[in-house]
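# An overview of the molecular structure
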Amino acid sequence: MTSTDFRAILVADCGVEHTRATLVDIVGENEYRLVAQSEFATTAEPPYSNVTLAIQQGVVDLEQRTGRQLQEDGRLRIPQGRDGQGVDAFVATCSAGGALPVLVLAVTADITAQSARRAVEGLYAVPFRTVTMEEVLKNPPLGKPSAEADQSPWWQIVESLYPGAVLLVGGVDGGNVAPLRTLAQALAEALPPEAARLEQEVTRPALPVIYAGNHKAQEVIQEELAERVDLRLVDNARPTMREEFLLPVRQELAGLYEDLVQQQVSGYEELASLAHSPVQLPYMGLQLATRFLAAHHQQQVLAFDLGSGSTAAVWAEGEACSRVVLGHFGLGYGMARVLAQRGLERIRRWLPFPATDGEIRDWILNRSLRPRTVSTTVRDFLLQQAVAREILFEAVEKLQEQGPVGSDMVIATGGGLARAPRPEQTVMMLLDAVQPTGENASGVVNFYADHYGLIPSVGALATLNPDAASCVLLKDALSLLGPCLVPRGRVRQGATAVKVELQFPNQLRQEVEAPWGQVTIVPFLWGDQVHMTVRPARGVRLGLGRGGELLSTSEGDMIHGGRVGLIIDARGRPLELPANDPPRLALLQEWLEASQAYTLEELAALQPPPPLEEAPADVAEDQPVEPEAD
Amino acid sequence: MTVYYSTFKPVVNPLTMVTQVQELPMAGEVLKRVGNRVEPDEIVARTLVPARGQRFAVARELGIAIKSLAAGVVVEDEVDVKEGDVVVRVGRLRQRIWRAPLAGTLSHAELEQGYLVITPDSENYERRAPIKGFVIAVEPYRSITIQTPAAMVQGAFGFGLEQHGVLRAAVTDEEDELLPDMLDERSALSILIGGGPVGAAALARAVELRVRGLIVGSITEEALRTFLGYRGDVDWAVGGNGWDMPPATVGRDFPLTLVVTEGFGRRPMNGPAFELLTSYAGSEATLDGQTWLHGPERRRPQVIIPLTRADPAEIPPEEESERLGVGVSVRLLSDERLGQVGLIVGFPRRMWALGCGARYRVAEVHLPDGQNVMVPLENLEVLGAGGKGR
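Rules and cut-offs
Residues numbered from 1 in each chain as written. Chains lettered and ligands numbered in written order. Predicted model: local features only at pLDDT ≥ 70, side-chain atom pairs only at ≥ 80, totals over all residues. Helix = DSSP H or I, 4+ residues; strand = E, 2+ residues; numbered from the N terminus. Rg over C-alpha atoms; globule rule 2.2 N^0.38 Å. Buried ≥ 20, exposed ≤ 12 C-beta atoms within 10 Å, placed from the backbone. Contact = placed C-beta atoms within 7 Å. Domains from an automatic or database assignment. Pairing = 2+ DSSP bridges. Core = buried A, V, L, I, M, F, W, Y, C linked by C-beta atoms within 7 Å. Axes fitted to C-alpha atoms, helices over the stretch in contact; angles between N-to-C directions. Expected span 1.5 Å × (residues − 1). Arc of directions from axis to C-beta.

Secondary structure summary: chain B contains 5 helices and 27 strands in total. Computed over C-alpha atoms, the radius of gyration of chain B comes to 27 Å, more than 25% over the 21 Å expected from 2.2 N^0.38 for 390 residues, which places it beyond the range of a compact globule. With the C-alpha coordinates aligned to their principal axes, the bounding extent of chain B is approximately 95 × 50 × 45 Å. Looking at chain B as a whole, 46% of its 390 residues are labelled buried. If you take every contact in chain B between residues at least 6 apart in sequence, the share linking residues at least 24 apart comes to 64%.

Pasting the structure below:
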């Protein structure tokens, strides 16, 4: 069959927590569109232990929503009949297995260990511990752990590392091999005795060890390890001090992920056999979509997929592309690791209400314990979104290690980010963490949300029908939140930073003054296109212009409305938050209220009640006290 | 629907069939037969586990050239040595001697690299019955399956290996905090039932008194961190493999097993769990605090109270799936109501807006204080057995 033969396509996205089933079909005049979607809890883990069960539930739900029969005798009806029943194909993405843990053994903590970490952070893998030569010499295998040690000896981890892998790195090509021999010997000593290892290997494969260090040491590494582990030799991740070469390591890790994690997901074999193309990983869809959009719009595109267990971020411009995948780093299971990595104070800085250390930590750990619970109060959402900001911060910092990260388009996908109760909340999370500067010709940064979680599935869809993938991406996945102006420079707090004039197609004009130090929202209808003229104050610049220089849209280059409207972020760059609580809380509340992310009443309800006052002496004890009016 | 447990069993189960498999890491000997009755801690299987060989850089220690080592070794390959035996003797005028630092089998495998390896004798490994019950299956040389009717309570998280002991109520109400002065010498070797939170001081006192286990409603992160000796936030980085909570990075064994039923913070134990546990005060119980949050080995801590005299015919069949339905007793998992229990009285057809407009499918839950609240289905957990299907 050719791609045009695949018209009605069922797409499944199996995440760690949720599984979505989406029906895509031709609608109207040969346009591929999202027809319906359903979502259920992922069923990969006990007691269900079959990832396809949630997909089946989803298909039944789609049948009820669309009135179409998609199954027959418990199986998908393929191909679609002339009566419109059934589908032509089924494709899937799957990240239900979580991330592959990787123990990094490095000669030193600086350059080569950092390269190893970057290699691991390009896939669903997590460098959960880095052990250097110094630690190996201080804690040789089987030695008595130091009483001051605050974590398990590194060698105890090796025996129980399944599924997992060891990444051994160090040394530029041609350098000294002795340190690598020492590391390899230490690793060999940390392995279980041969008899026990052979017993284990009946039920699980030998420990994979990827060596990506000094090429000259490969023979030595083979001598020490070849007969004891599943040794894989790849090109040096750091062949010279100035060069970094991560692709070979990543390819090897990707293969391991497929074998040790994906293939072990309960029901994965059944899922793969049902799919018409290889099951994809969601970050591949994110990367494909980002690169496509960058080429399509000729812009810098920055996209985030903030999941329960992991987070992916991709930046693309022209042919250039960078990607980071943070395993065990999300808004569900991954929340505890966010606390560990980013620290409590960084999370607290985004909370517009007083909270003790214990309250924040207890809340985060409870969420990690029960990741499927949903936020039901304003306090919950603010805590969740504070964590989300730090996740985005971490992702941006990691991308910046690979090169400059500008953004003309910022895209959010993943439930906790793209499906916040109000789109303004999504905008504020992105603005606070990404802090775009709008330094481009138009002076505008457009924010988008993928409300249906379609972007990760685009990769799978594109393998069968690239037209369908691009159509669904452009028409259904991307919901414009709004264009954003970012005045830069400095004026007095509260003074007018910019004066904006919007001219609508019906000749209606709207003028707005945006004060410095504030976020201003100018709602205008989704679908509307307007001419915009912006007059910045002296000392304030927009886009690529100089201070005070006018910015104006030209004919054919109007700005489009979105779910939020025009966003003017005149808080300055970088964002500065007061160090102390009362002014910081007040400022955050001001921003959240001005941006319409939260209402004044919602924010006021978070404040602790004032201390009780004694009743006045002239009120008799038995008289009821009238409650205060709200 | 929330499913945080590896079986379909409700969180609080007054009567169920508990089945536990004890496996040997290597082929060995299973000591019991199908039909045998076993007691907790009774050895049911054993094997020998090879010890790790230890390498000694003998050439370096003696200060000799690597190529000189082979000529100086006076013990043959694969021969047993005792601690203190002379293994290497080099030199004539100034003799240098290397003695075996431990007993074991000597290996020349790495002689050419300047190392000698001594592998101690294999170690005995024993599996003990975790619960009182009957053997229902044996896999020769590998495993044994033990089953018993029991009352069971599943926890949110915990730590510590299986412990057996007699249940004792240390508090009288599920809201009571377990304080150090509530523990005394009578607490030794028992499994204590607390109510609300427990602090680090009480945990330390429990260790001092050799209490085997504690079951509490909650614990603050601060108390747990203090007791475990964690440095701070960095220790909550979920472990490499098993999302173990708390992370097994401390590198020491705990002489105490803890099961927390509700979660972090200062919450009372849910009423049905407290009532069930305290109703069996004086009975033997098994506590297992091990917790892995994600993956095929997923497990949550549990308390098992064997009821060997119960009639298996009275055990309700295990539900094929966790079902929320009208009349089902549930535990609320929302942060502001964590641990509260209620009864589902209905399912509104439409989505319900909560907390700044987020819309969810909800159940209407009747609380003991008379309130009816709307709770997202994701924030409910079936609490008790006997719930009706939807």
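Past the structure itself, the notes keep going.
Moving on: the domain arrangement of chain B. Along its sequence, chain B is carved into domain 1 (12-20 + 148-306), domain 2 (54-119) and domain 3 (323-382). Distance between the C-alpha centres of domain 2 of chain B and domain 3 of chain B: 71 Å.

In this section: the pairing of strand E25 (residues 362-366) of chain B. Residues and elements named next belong to chain B. Here strand E22 (residues 341-346) runs beside E25; their pairing, made up of 3 bridges, is antiparallel. Across the sheet, the residue bridging to Gly346 is Glu364, located in E25. Here E25 pairs with strand E26 (residues 372-376) via 5 bridges, running antiparallel. Bridge pairing links His366 to Asn372 in E26. Linking E25 to E26, which pair antiparallel, is a turn of 5 residues; within it Gly370 sits at a positive phi near 100°.

Attention now goes to the nonpolar core. In terms of nonpolar packing, the biggest core is built from 277 residues, with Ile9, Leu167, Val458, Leu461 and Val472 of chain A touching the most fellow members. The element best represented in this core is helix H14 (residues 378-400) of chain A, accounting for 10 residues. Not counting residues up to four positions away in its chain, the partners in contact with Leu167 of chain A are Val102, Val104, Ala116, Val120, Ile210, Ala212 and Val249 of chain A. Residues Leu69, Val88, Val90 and Ala100 of chain B belong to the second largest nonpolar core, which totals 12 residues.

Residues and elements named next belong to chain A. You can see Ile221 is positioned in helix H7 (residues 218-225). Since 22 C-beta atoms lie within 10 Å of it, Ile221 is described here as buried. Contacts of Ile221, omitting those with residues within four sequence positions, involve Leu180, Ala184 and Tyr211.

All names here are of chain B. The strand order E26-E25-E22-E21-E27 describes an open sheet built from 5 strands, whose pairing is antiparallel. The open sheet has two edge strands with one neighbour each: E26 and strand E27 (380-382). Within this sheet the neighbouring strands show an average axis-to-axis angle of 50°, counted without direction. Two elements, strand E21 (residues 329-332) and E22, share 3 bridges in a ladder whose sense is antiparallel. Residue pairing across strands places Ser329 opposite Leu343, the latter belonging to E22.

With that settled, consider the pairing of strand E2 (residues 18-27) of chain A. All names here are of chain A. Of all the 10 residues making up E2, 8 are buried; the element is thus mostly covered by neighbouring parts of the structure. Here strand E1 (residues 9-14) pairs with E2 via 6 bridges, running antiparallel. Within E2, the residue paired with Ala12 across the bridge is Ala21. Hairpin connection of E1 to E2: 3 residues between the antiparallel strands. Turn length for the E2-strand E3 (residues 31-41) hairpin, with the two strands adjacent in sequence and antiparallel, is 3 residues, and the turn residue Gly28 shows positive phi of about 65°.

Turning next to the domain arrangement of chain A. Per the domain assignment, the segments of chain A are domain 1 (3-96 + 270-274), domain 2 (100-144 + 152-264) and domain 3 (282-569). Using C-alpha coordinates to define each centre, domain 1 of chain A is positioned 40 Å away from domain 2 of chain A.

All names here are of chain A. Taking 1.5 Å of rise per residue, 15 residues should cover 21 Å, and helix H8 (residues 247-261) covers 20 Å from first to last C-alpha, within 8% of that figure. Listed as buried for H8 are Val249, Arg250, Glu252, Leu253, Leu256, Tyr257 and Val261. One side of H8 holds all its buried residues, which, seen down the axis, span an arc of 160°. Where H8 is buried, its residues contact strand E7 (100-106), helix H2 (111-120), strand E8 (125-132), strand E9 (165-169), strand E10 (208-211) and strand E11 (230-233).

A few words now on the sheet that holds strand E5 (residues 54-56) of chain B. Residue and element names in this part refer to chain B. Strands sit in the order E5-E10-E9-E6 across an open sheet of 4 strands; the sheet is antiparallel. Taken across any chain shown, the strands that pair with only one partner, and hence form the sheet edges, are E5 and strand E6 (80-81). With 3 bridges joining them, strand E9 (residues 104-107) and strand E10 (residues 116-119) adopt antiparallel strand pairing. Among the inter-strand pairings, Ser107 is bridged to a residue of E10, identified as Val117.

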